[in-house]
Amino acid sequence: GRNHHAFANQSVCSVLEQGLPEDVELRYTWVDDASDPPVFGGLESQTEMVVVRKPVRCGALANFYREALRHIEPDTVVFPLGGDDYLLPGALRRVSELFADPQCWVMYGSYEASSPSHNLRPRPMTDQPFRDQPFIFMPLCYRAPLLTKIRPRDLQMGGMWQPSAGDVAFTLPMLEMAGRERIRFNEQPIMLYNVHEGNDGATDKYLQDFCSWYSRNRPGYKRLERIEDPAVIDHDAPGSTLSHIFVPR
């Protein structure tokens, strides 16, 4: 999170108060992305979490990727959560149930929103190519090795980490590497998305749409046979046909 002072306490509590099966361990990392002033100091007092404070702003996508490199075990499941968003009761128990199946590599579902107009109703993906799907993959959970197999340059623009729509950038390659049979749709909302003036779409919707379009038209990734296998770029995959999502002005 960055400058999420108004939401941090509730966001932290929504994670630490989750009930988990006895054989599941919670590792909770809060990355304060150069907030000014730093997000409240009480974060360090929680023994169940690690706080990483960035002296220079990196952006959500860079932080998610760099933190993923610390957790690359196949039995580790990552749940990216904005510092201004909250988990709903039972969220992590539901995620644990789904990923108890070793053939579940990625899970997506639905969320509630602080503004009813932003609620995302459950919608399974269609038979279209992943890069032509409407972006319905939030919240998203995935097995840790998947994100680390994505080339950093496929998350960057001009050598800089993509500044907006980072969730589109890292989700599409992971869906492709998993393949449809190892992706699970969860109908039950497990997250509350906070709608406020600091959201990407509210800050610069034009930039968000451009970054999303750019992500969809990067080279694709081939389906992996095993999660231990190296990623293979699919140079023959066509780009997205969703050119209407970005309209130059």
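Up top is the structure.
Read on for a plain summary of the structure. (Residues numbered from 1 in each chain as written. Predicted model: local features only at pLDDT ≥ 70, side-chain atom pairs only at ≥ 80, totals over all residues. Heavy atoms only, no water.)

**Describing the nonpolar core**
The cut-off we apply is this: Think of a nonpolar core as a cluster: buried Ala, Val, Leu, Ile, Met, Phe, Trp, Tyr and Cys residues, connected wherever their side-chain atoms sit within 4.5 Å. Three exposure classes are used, based on accessible area relative to the maximum for each residue type with a 1.4 Å probe and protein chains only: buried under 20%, partly exposed in between, and exposed over 50%. Numbering of helices and strands starts at the N terminus; helices are DSSP runs of H or I of at least 4 residues and strands are runs of E of at least 2.
Ranked by size, the top nonpolar core spans 36 residues in total, and within it V106, Y142, L146, F170 and M174 carry the most contacts. Elements with a contribution of two residues or more to this core: helix 2 (60–68), strand 5 (106–108), strand 7 (140–143), helix 4 (145–148) and helix 5 (166–178).

**Considerations on the pattern of salt bridges**
Formally: A pair is scored as a salt bridge if a Lys or Arg side-chain nitrogen falls within 4 Å of a carboxyl oxygen belonging to Asp or Glu.
Evaluated as defined, the whole model comprises eleven salt bridges. Taking the shortest distance from any N to any O, the salt bridge between R94 and E97 comes out at 3.4 Å. Here R94 pairs with E97, and both are found in helix 3 (residues 91–99), just three residues apart, close to one helical turn. According to the relative accessible area criterion, R94 is partly exposed, its value standing at 24%. Notably, a salt bridge pairs K205 with D209, separated by 2.8 Å at the nearest N-O pair.

**Let's talk about the side chain of Q162**
Where we set the bar: We define a polar contact as two N or O atoms separated by no more than 3.5 Å, with the added condition that, inside protein, one atom must be a possible hydrogen donor and the other a possible acceptor, whereas residues neighbouring each other in sequence contribute only through side-chain atom pairs. Throughout, a residue-residue contact means that at least one pair of heavy atoms, one from each residue, lies within 4.5 Å.
You can see Q162 is positioned in the loop between strand 9 (160–161) and helix 5. A polar side-chain atom of Q162 sits 3.0 Å from a polar atom in the side chain of S215. When sequence neighbours within four positions are dropped, the list of residues in contact with Q162 reads L61, L155, Q156, M157, A169, C211, S215 and R218.

**Thoughts on helix 1 (residues 5–16)**
Given 3.6 residues per turn, any residue in an α-helix points the same way as the ones three and four places further on. Note the following rule: Residue count minus one, scaled by 1.5 Å, sets the expected span of a helix. As used here, the arc belongs to the directions running from the helix axis to the C-beta atoms.
When the terminal C-alpha atoms of helix 1 are compared, their 18 Å separation across twelve residues agrees well with the 16 Å that a helix rising 1.5 Å per residue should span. Every buried residue of helix 1 is accounted for by F7, A8, S11, V12, S14 and V15. Each buried residue of helix 1 sits inside an arc of 160 degrees when the element is viewed along its axis, so together they form one side. Elements that come into contact with the buried residues of helix 1 comprise strand 1 (28–33), strand 2 (49–54) and strand 4 (86–87).

**Focus: the packing of aromatic side chains**
Two aromatic rings are characterised by how far apart their centres lie and by the angle between their planes. The criterion, for reference: Each pair of aromatic rings taken from Phe, Tyr and Trp, with Trp reduced to its six-membered ring, is defined by centres within 6.5 Å and is described as stacked if the planes are under 30 degrees apart, edge-to-face if over 60, and tilted in the remaining cases.
Tallied over the entire structure, the rule returns nine aromatic pairs. Pairing F135 with F137 gives two aromatic rings, centres 6.0 Å apart and planes at 80 degrees, and the pair type is edge-to-face. Its relative accessible area of 26% is what places F135 among the partly exposed residues. A ring pair is formed by F210 and Y214, whose centres lie 5.9 Å apart and whose planes are at 45 degrees; its orientation type is tilted. With F210 and Y214 both in helix 6 (residues 200–216) and four residues apart, the pair spans about one turn of that helix. When its relative accessible area of 24% is taken as the criterion, F210 is described as partly exposed.

**Regarding the environment of Q10**
Within the fold, Q10 resides in helix 1. Here the alpha-carbon distance between Q10 and M125, two residues 115 residues apart in the chain, equals 31 Å.

**Let's talk about the sheet that holds strand 11 (residues 191–193)**
Just so we agree on the cut-off: Two strands form a pair only when DSSP identifies at least two bridges running between them.
Strands sit in the order 4-11-6 across an open sheet of three strands; the sheet is mixed. If you trace the sheet from one side to the other, it starts and ends with strand 4 and strand 6 (112–113), each paired once. As judged from the two bridges shared by strand 6 and strand 11, these two strands associate in the parallel manner. Bridge pairing in strand 11 places E112 opposite L192.

**A few points about unusual backbone geometry**
In this chain, D36 is followed by P37 through a cis amide linkage whose omega measures 0 degrees. Looking at the secondary structure, you find P37 in the loop between strand 1 and strand 2. Note that the residue after M138, namely P139, is joined by a cis bond; omega there is 0 degrees. Relative to the helices and strands, P139 is located in the loop between strand 6 and strand 7. Look at N3: it is not a glycine, yet its phi comes out positive at around 55 degrees.

**Side note on the side chain of D154**
Along the polypeptide, D154 turns up in the loop between helix 4 and strand 8 (156–157). Excluding residues that lie within four positions of it along the chain, D154 makes contacts with R218, P219, Y221 and I233.

**A short note on the environment of M174**
In this structure, M174 sits in helix 5. For the pair M174 and A6, spaced 168 residues apart in the sequence, the C-alpha separation amounts to 32 Å. If near-sequence neighbours (up to four positions away) are discounted, M174 is found in contact with V106, L140, Y142, L146, L147 and I150.

**Description of the environment of L172**
By the secondary structure assignment, L172 is in helix 5. Spatially, the C-alpha atoms of L172 and F135 are 9.5 Å apart, while their sequence positions differ by 37 residues. Ignoring sequence-local partners within four residues, the contact set of L172 consists of F130, R131, S215 and R216.

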